[in-house]
Amino acid sequence: MEEDDIESLARKLLVEINRLQKELEDVQAICKHEEFKIELKDGSLVKICVKCNKKLGYPNQQEREKSGYI
């Protein structure tokens, strides 16, 4: 594969990634986030929507206890 081909392919992939990221944000914006799970991400506990996988913030003490992390 030539350098120009790699550059063109990389550019196309980045455009597609950006398009899909925007589409995901649109879906997450209409989700009601009725159910969440607690996950360990990058050394921190975070609340994640079960349906759309959006990061909702950080769990409080009660949520950490209920999820079994404390």
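Remember, predicted model here, so these are calculated numbers, not experimental data.

This part covers the sheet that holds strand 2 (residues 44-49). Pairing in this open sheet of 3 strands is antiparallel, and the strands run 1-2-3 from one edge to the other. Of all strands in the sheet, those bounded by a partner on one side alone are strand 1 (36-41) and strand 3 (55-57). Averaged over all neighbouring strand pairs, the angle between strand axes comes to 45 degrees, with direction disregarded. Pairing of strand 2 with strand 3 involves 2 bridges; the strand directions are antiparallel. Residue pairing across strands places I48 opposite K55, the latter belonging to strand 3.

The element strand 2 is largely enclosed, with a buried count of 5 among its 6 residues. Hairpin remark: strand 2 followed by strand 3, antiparallel, with 5 residues in the connecting loop; positive phi at N53, about 70 degrees.

All right, on to a negative patch on the surface then. A cluster of like negative charges, contributed by E2, E3, D4 and D5, occupies part of the molecular surface. According to the relative accessible area criterion, E3 is exposed, its value standing at 64%.

With that out of the way, let us pick up unusual backbone geometry. In this structure, H33 takes a positive phi of about 50 degrees despite not being glycine. The backbone of N53 sits at a positive phi, close to 70 degrees, despite the residue not being glycine. You can call N53 partly exposed: its relative accessible area is 48%.

Now for the packing of aromatic side chains. For the structure on display, the rule yields 0 aromatic pairs. For the cation-ring pair, K47 lies above F36, with the distance from its terminal atom to the ring centre recorded as 4.7 Å.

The tally for this structure, following the rule as stated, stands at 0 disulfides. Free of any disulfide, C31 has its nearest cysteine sulfur in C49, 3.6 Å distant.

About the criteria used
- Residues numbered from 1 in each chain as written.
- Predicted model: local features only at pLDDT ≥ 70, side-chain atom pairs only at ≥ 80, totals over all residues.
- Heavy atoms only, no water.
- Pairing = 2+ DSSP bridges.
- Helix = DSSP H or I, 4+ residues; strand = E, 2+ residues; numbered from the N terminus.
- Axes fitted to C-alpha atoms, helices over the stretch in contact; angles between N-to-C directions.
- Buried < 20%, exposed > 50% of the residue type's maximum accessible area, 1.4 Å probe, protein only.
- Patch = residues over 30% accessible without salt bridge, like charges linked within 9 Å, V, L, I, M, F, W, Y side chains within 5 Å.
- Areas by Shrake-Rupley, 256 points an atom, 1.4 Å probe, with all protein chains shown as cover.
- Salt bridge = Lys/Arg side-chain N within 4 Å of Asp/Glu carboxyl O.
- Lys, Arg positive; Asp, Glu negative; His and termini not counted.
- Charge placed at Lys NZ, Arg CZ, Asp CG, Glu CD.
- Phe/Tyr/Trp six-rings, centres within 6.5 Å; stacked < 30°, edge-to-face > 60°.
- Lys NZ or Arg CZ within 6 Å of the ring centre and 35° of its normal.
- Disulfide = S-S within 2.5 Å.

In short, the description is geometric, and any link to function would need to be established separately.
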